[in-house]
Amino acid sequence: MDLGSQEQGLACEAGSGACPGTTNTCAWLPNSPGEGLCRPACINGTCSNGQTCCTQPNGAPYCNSFCY
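Here we summarise the structure given alongside this text. (Residues numbered from 1 in each chain as written. Predicted model: local features only at pLDDT ≥ 70, side-chain atom pairs only at ≥ 80, totals over all residues. Heavy atoms only, no water.)

Observations regarding the environment of Pro57
With respect to the secondary-structure elements, Pro57 resides in the loop between β3 (52-56) and β4 (59-64). On the basis of relative accessibility, which here comes to 88%, the residue Pro57 falls in the exposed class. Expressed as a C-alpha distance, the spacing of Pro57 and Pro30, which sit 27 residues apart in the sequence, is 9.8 Å. (Helix = DSSP H or I, 4+ residues; strand = E, 2+ residues; numbered from the N terminus. Buried < 20%, exposed > 50% of the residue type's maximum accessible area, 1.4 Å probe, protein only.)

As structure tokens, this is what we get:
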């Protein structure tokens, strides 16, 4: 795995939005229906490491440095 893909996060499984690991959720990309990136889940409205808790209309809240 190169640094670029690690920084961006792994792609969610197409269609289902499944992500490896139990603490990850799919951050759906608004401009690409059915596509998303696996990001840490936002638990109780908080994120570790100072990231933003992002809500999304069709998925669980996720943590990222910016919201898609």
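The discussion continues.
Considering the side chain of Thr25
Residue placement: Thr25 occurs in strand β1 (residues 24-28). Overall, the relative accessible area of 11% leaves Thr25 in the buried class. Those residues in contact with Thr25, other than ones at most four positions away along the chain, are Cys19, Leu37, Cys38, Arg39, Pro40, Ala41, Ala60, Pro61 and Tyr62. (Contact = heavy atoms within 4.5 Å.)

Thoughts on the state of the cysteines
Summed over the entire model, instances satisfying the criterion amount to five disulfides. Put simply, Cys12 and Cys26 are joined by a disulfide, and their sulfur atoms are 2.1 Å apart. Residues Cys12 and Cys26 are joined by a disulfide whose S-S torsion is about 105 degrees; by sign, that bridge is right-handed. You can see Cys12 sitting in the loop between α1 (3-8) and β1 and its partner Cys26 sitting in strand β1, a full 14 residues away along the chain. By the burial criterion, Cys12 is buried, and Cys26 matches it. One disulfide bridge connects Cys42 with Cys53, the sulfur atoms lying 2.0 Å from each other. Taking the torsion about the sulfur-sulfur bond, which here is approximately -110 degrees, the covalent link between Cys42 and Cys53 counts as left-handed. (Disulfide = S-S within 2.5 Å.)

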